[in-house]
Amino acid sequence: MSAVICLANVWKTFSGGVHALREVNIQINKGEFVFLVGPSGAGKSTLIKLIYREEMPSQGRVLVGGKDVASLRPREVPFLRRRIGMVFQDYKLLPDKTVYENIAFALEVTGTPRRQIQPRVRHVLGLVGLGGRLRSWPGELSGGEQQRVALARAMVRDPLIILADEPTGNLDPDTGRGIVSLLEDINRLGSTVVVATHAQELVNSMRKRVVELAGGRVVRDQERGAYR
Amino acid sequence: MMGLFAHALKEAVVGIRRNVLMSVIAASTVALCLFMLGSTILLSMNIQKVAGALEDQVEVAIYLKGDVQESRARQLMATLEGRDDVRGTRFVSRQEALERLRRQLGDQQGLLDGLAQMNPLPASIEVSLVWPERAGEVAAFAAGLPGVEEVVYARGVVERLLAITGLFRLGGFGLVLALAVATCFLVANTIRLTVFARRHQIAIMRLVGATDAFIRGPFTLEGVFLGLVGSTLAAIAVQQGYYRLVSAITATIPFLPLVPPGDELAGVLRLLVVAGTCIGALGSVIAVRRFLNVQGG
Ligand SMILES: Nc1ncnc2c1ncn2[C@@H]1O[C@H](COP(=O)(O)OP(=O)(O)O)[C@@H](O)[C@H]1O
Ligand SMILES: [Mg+2]
């Protein structure tokens, strides 16, 4: 099995001396679905930021698709990000673009020909169950619907990896379950999925691999685990 | 590549439409700054022109002894013109000197009637200079030539005039420079506000893997457009204002050597539009840069 994401002896120390991550070793293989759990401040978001190179490790190596992301030049970073779909607690949709435009945007950025953009946007919107809301504005949608738009945007490029940081943090449990089950669908389509969360019920109900962080350390890495 | 430009254009139009107020403020700032810059440039050009005209009037007058013939005077003129600081010479005969005096006296020329037969004025050579500050040297040289009775130039006045025109030139240049810098700064800051209002959009573009060039594109086009609109307004205002001002001044002080509202004015207006467009583009690039490469490595 080939590792899509590999962290080897990674430390992240912020200026001010906060050790957000300590000696982290994780290997995530192609097609896996992994929950990253732990209390607030455990280092989940920091770990995710290292993978899409929003932050750099202070020590150790972060490999994505076999490539050391710390060695990327700044102008190569966009090309790393095109292979990663991102989902956040606050959706990060552009409020002055329609649902359609928000998703098409992720394809325009990569220079996808116009002809290919429309069918692909329609396709992914259908997958997340929003085929009828093409022309809506994000402000007109519920939180769960906005997060589904964000999911559609994350998957529209068939990414190698989907990173979701607290994707259900602003949603009620039922809606959250819907989002996670969509993430599972995306995982089945071939993307490796990493979800940082502290939604216990969700994690327990899914029985996926669970990596638990506490104080920046990996304290548990368990196949078919629970939140505990 | 064409797709990239088309996208930037589309986004720029959307950006301006959705930030109308900020766009109007930015374009107005460009217009106001460039109007001041254009006015200052024209003021400075007029100062140069007046100073130049004053300096051109600095001449050395060489009065010849009564027995010097015109042919001898011509030889002296050739000698003088051999110098590189002499632009030209002109022979003024005794007769011409008298006529000039008559003209200057105007309706009082009756005073000269008694002199009709006996002309008391000497013939002279008028020397115009390449560099007015060399008047003293030329005068000293001329005084040593045979047949020269007296050499006159506005000693002291020339030096003071040069000091004053030099000061004005420097002041005008300094003013233009200071205003140009202030304009760049103000416009960049205003555009920074329009970019700041869309920092989330930039952050999201970076998240989905947009290159810096792709992110910058629409903002640069917006800057170019706002700069173009603002500076065109400024150019129209400067042109209209200057035209009126020159007409008004010429009506009251006709002999003031002003820069005419012709080719030179057109050059200034072109400069304003080009400068405004460049400042708009540059301001955008500077403003967006702060939101790119946040982690700096
Ligand atoms: N940019 C930063 N500068 C300084 N400290 C930070 C920064 N980002 C995170 N931290 C600190 O790192 C630790 C881990 O934070 P984070 O990764 O956000 O945790 P989690 O996502 O698990 O709640 C916390 O103590 C947090 O205060
Ligand atoms: Mg977090």
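What counts as what
Residues numbered from 1 in each chain as written. Chains lettered and ligands numbered in written order. Predicted model: local features only at pLDDT ≥ 70, side-chain atom pairs only at ≥ 80, totals over all residues. Helix = DSSP H or I, 4+ residues; strand = E, 2+ residues; numbered from the N terminus. Buried ≥ 20, exposed ≤ 12 C-beta atoms within 10 Å, placed from the backbone. Contact = placed C-beta atoms within 7 Å. pLDDT = per-residue confidence, 0-100. Near = placed C-beta within 6 Å. Nonpolar A, V, L, I, M, F, W, Y, C, P; charged D, E, K, R; others polar. Domains from an automatic or database assignment. Axes fitted to C-alpha atoms, helices over the stretch in contact; angles between N-to-C directions. Parallel < 35°, antiparallel > 145°, perpendicular 65-115°, else oblique. Left-handed = near helix turned anticlockwise from the far one by under 90°. Pairing = 2+ DSSP bridges.

## Observations regarding the environment of B:Ala197
Residue and element names in this part refer to chain B.
Part 1: Within the secondary structure layout, Ala-197 lies in the loop between α6 (157–196) and α7 (199–207).
Part 2: Owing to 14 C-beta atoms within 10 Å, Ala-197 belongs among the partly exposed residues under this scheme.
Part 3: The spacing of Ala-197 and Asn-19 is 178 residues in sequence and 8.7 Å in space, taken between C-alpha atoms.
Part 4: Ignoring any residue separated from it by four or fewer positions in sequence, one finds Ala-197 in contact with Asn-19 and Met-22.

## As for the confidence of the model for chain B
As a general rule, the predicted coordinates of low-pLDDT regions are not to be interpreted in detail.
Part 1: On average, residues of chain B score 84 in pLDDT, and 96% of them are at 70 or above.
Part 2: For this predicted complex, the interface score ipTM comes out at 0.88, alongside a pTM of 0.73.

## Quick word on the site of ligand 1
Residue and element names in this part refer to chain A.
Part 1: As a structural note, the neighbourhood of ligand 1 is formed by Phe-14, Gly-16, Val-18, Ala-20, Gly-38, Ser-40, Gly-41, Ala-42, Gly-43, Lys-44, Ser-45 and Thr-46.
Part 2: When residues of the shell around ligand 1 are traced back to their parent elements, those giving at least two are β2 (18–29) and α1 (44–51).
Part 3: No other element matches the three residues that α1 contributes to the shell around ligand 1.
Part 4: For the shell around ligand 1, a count of residues per class yields four nonpolar, seven polar and one charged.

## Digging into the interface of chain B and chain A
Part 1: Taken together, the contact pairs 17 residues of chain B with 19 residues of chain A.
Part 2: For the side of chain B that touches chain A, the secondary structure elements donating two or more residues are α1 (2–18), α7 and α8 (212–252) of chain B.
Part 3: When its residues are assigned to classes, the side of chain B that touches chain A shows seven nonpolar, eight polar and two charged.

## Quick notes on the domain arrangement of chain B
Part 1: On domain assignment, one finds that chain B holds domain 1 (2–54 + 160–289) and domain 2 (59–153).
Part 2: A straight line from the C-alpha centre of domain 1 of chain B to that of domain 2 of chain B covers 51 Å.

## Examining the packing of helix α3 (residues 99–108) of chain A against helix α4 (residues 114–127) of chain A
When two helices pack together, their arrangement is given by the angle between the helix axes and by the axis-to-axis distance.
All names here are of chain A.
Part 1: Running from N to C, α3 and α4 cross one another at 125 degrees; their axes reach a closest spacing of 10 Å. Here α3 lies oblique to α4, going by the angle between them. For the pair α3 and α4, the sense of crossing is right-handed. For the pair formed by α3 and α4, the contact residues are Tyr-100, Ile-103, Ala-104, Leu-107 and Glu-108 on the first element and Ile-117, Arg-120, Val-121, Val-124 and Leu-125 on the second.

## Topic: the pairing of strand β3 (residues 124–129) of chain B
Part 1: Where strand β1 (residues 59–64) of chain B and β3(B) come together, five bridges link them in antiparallel fashion. When the sheet's bridge partners are listed, B:Glu59 is paired in β3(B) with B:Ser128.

## A short note on the packing of helix α2 (residues 20–56) of chain B against α8(B)
Residue and element names in this part refer to chain B.
Part 1: In contact at an axis separation of 7 Å, α2 and α8 are set at 40 degrees when each is read in the N-to-C sense. Relative to α8, the element α2 lies oblique. For the crossing formed where α2 meets α8, the hand is right-handed. Of the residues in α8, those in contact with Ser-23, Ala-26, Ala-27, Ser-28, Val-30, Ala-31, Leu-34, Phe-35, Gly-38, Ser-39 and Leu-42 of α2 are Leu-226, Gly-227, Val-229, Gly-230, Ser-231, Leu-233, Ala-234, Ala-235, Ala-237, Val-238 and Tyr-242.
Part 2: Among the residues forming the contact of α2 with α8, the class breakdown is 15 nonpolar, seven polar and no charged.

## Remarks on the domain arrangement of chain A
All names here are of chain A.
Part 1: Each assigned domain of chain A is listed here: domain 1 (1–81 + 160–228) and domain 2 (84–158).
Part 2: One C-alpha centre belongs to domain 1, the other to domain 2, and the line joining them spans 23 Å.
Part 3: Of all the secondary structure elements, the ones that give two or more residues to the side of domain 1 that touches domain 2 are α2 (77–81), β7 (161–165) and α6 (173–188).

## As for the sheet that holds strand β3 (residues 33–37) of chain A
Residues and elements named next belong to chain A.
Part 1: If you trace the six strands from one edge of the open sheet to the other, you get β6-β7-β8-β3-β9-β10, paired in mixed fashion. A single partner strand is all that each edge strand has here, and the edge strands are β6 (84–88) and β10 (217–222). Pairs of neighbouring strands in the sheet enclose a mean axial angle of 15 degrees, with direction left out of account.
Part 2: As defined by bridge partners, β3 adjoins strand β8 (residues 192–196) across four bridges and the pair is classed as parallel. By the bridge assignment, Phe-35 is partnered in β8 with Val-195.

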